[in-house]
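Here's the letter readout for the chains.
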Amino acid sequence: MAEKTVIVVQARMSSTRLPGKVMLPILGKSLLYRMIERLQMIRHKAQVVIAIPQDEAGGIIEQEATQMNVPCYCGSLNNLLDRHYRAAKQYDADIVLKIPSDCPLIDPRIIDEVLDFYFLHSGEYDFVSNLHPATFPDGNDVEIMTMDCIEKAWNEADRILELEHTTPYIWERPEEFRIGNLNWSTGLDYSMSHRFTIDYEADYQFIKRVYGELYAKKPDFSCEDILNLLKDKPEIYNINAKYAGVNWYRNHLDELKTISSGHTKLTF
């Protein structure tokens, strides 16, 4: 019997740096819509679930999910590990994918590559990602875990950062979990130099421009297509270049064992 794969996309309207970012317009649709559209382009069969805070039940994200015919789970505001685990459990997942809602340029092919790696090594790993270490351009974040794996984390994690960021309890414990990582096949590392995620207004302007340049001709444009565009039009790269390498690690370097200052940008 095939294992059921569930992609959990955690979203909220109360983002601190760019409130309501998931509902910002991209070519007449919300940023969340565009991202879910890309998730549904993957080759592998998977159920997409949007997981939102309970206090946003019935709000704009849930209404958007209904319009997209995508189920919505309402859970804890700050304990994202709990929200992720319960959403996966409610939808009978065997395999859980964590993909953040701030990755509207994520390449469906990269998601499939990480899934291919996981299934090729079936039974060998509890957790597989392309983030530890990261090599793909930031915003192509894929983390896969078995239900047993996320359930163990859910039962045992207690530090705030482990609850807020869902998976650190797992990838910080290679002695307890069988952990695999997929590196970018190009041999390059653009994780600190290219930013395809959204946290600031400049990121939004960058993403809007990329969609404006590529979507009409090729709705499933790839990471390579984006990189080629940036080579041809470096002014687009420069829109949010100062934020390249900025991520949540920068605020937790004293708490993380497997992350160093080389994995984040401390000032910008």
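Our structure's up above, just so we're on the same page.
Residues numbered from 1 in each chain as written. Predicted model: local features only at pLDDT ≥ 70, side-chain atom pairs only at ≥ 80, totals over all residues. Heavy atoms only, no water.

Remarks on the packing of helix α8 (residues 201-214) against helix α9 (residues 223-232)
Packed helices, taken two at a time, are described by the angle their axes make and the gap between the axes.
Here is step 1 of the chain: It is the contact of α8 with α9, at a shortest axis distance of 11 Å, that shows an interaxial angle of 100°. Classified by the angle their axes make, α8 and α9 are roughly perpendicular. Each of F206, V210, E213 and L214 in α8 lies in contact with α9, whose residues at this interface are D225, I226, L229 and L230.
Here is step 2 of the chain: Broken down by class, the residue content of the contact of α8 with α9 amounts to 6 nonpolar, no polar and 2 charged. (Axes fitted to C-alpha atoms, helices over the stretch in contact; angles between N-to-C directions. Helix = DSSP H or I, 4+ residues; strand = E, 2+ residues; numbered from the N terminus. Parallel < 35°, antiparallel > 145°, perpendicular 65-115°, else oblique. Contact = heavy atoms within 4.5 Å. Nonpolar A, V, L, I, M, F, W, Y, C, P; charged D, E, K, R; others polar.)

Observations concerning the packing of aromatic side chains
Here is step 1 of the chain: Within this structure, the stated rule accounts for 15 aromatic pairs.
Here is step 2 of the chain: Here the aromatic rings of Y200 and Y243 are separated by 4.1 Å at their centres, their planes lie at 5°, and the arrangement is stacked. Here Y243 lies in the segment after α10 (234-237) and Y200 lies in the loop between β9 (179-181) and α8, a separation of 43 residues in the sequence. Each member of the pair Y200 and Y243 is classed as buried.
Here is step 3 of the chain: In this structure an aromatic cluster arises from ring pairing among F136, W184 and Y190.
Here is step 4 of the chain: Stacked on the ring of Y33, the Lys or Arg K29 has its end atom at 4.8 Å from the ring centre.
Here is step 5 of the chain: We note R34 situated over the ring of Y215; from NZ or CZ to the ring centre the distance is 4.7 Å. (Phe/Tyr/Trp six-rings, centres within 6.5 Å; stacked < 30°, edge-to-face > 60°. Buried < 20%, exposed > 50% of the residue type's maximum accessible area, 1.4 Å probe, protein only. Lys NZ or Arg CZ within 6 Å of the ring centre and 35° of its normal.)

Digging into the nonpolar core
For soluble globular proteins, nonpolar side chains are generally found buried alongside one another.
Here is step 1 of the chain: Core analysis: the biggest nonpolar cluster contains 34 residues, and I36, L39, I50, L97 and I111 have the highest contact counts within it.
Here is step 2 of the chain: For this core, the secondary structure elements donating two or more residues are β1 (5-10), α1 (31-39), β4 (47-53), α2 (60-68), β5 (72-75), β6 (95-98) and α4 (108-120).
Here is step 3 of the chain: Apart from the residues lying within four places of it in its own chain, the contact partners of I111 are L39, I42, L97, I99, I106 and V142.
Here is step 4 of the chain: Grouped together as the second largest cluster of nonpolar side chains are 27 residues, V8, C149, A157 and L161 included. (Core = buried A, V, L, I, M, F, W, Y, C linked by side-chain atoms within 4.5 Å.)

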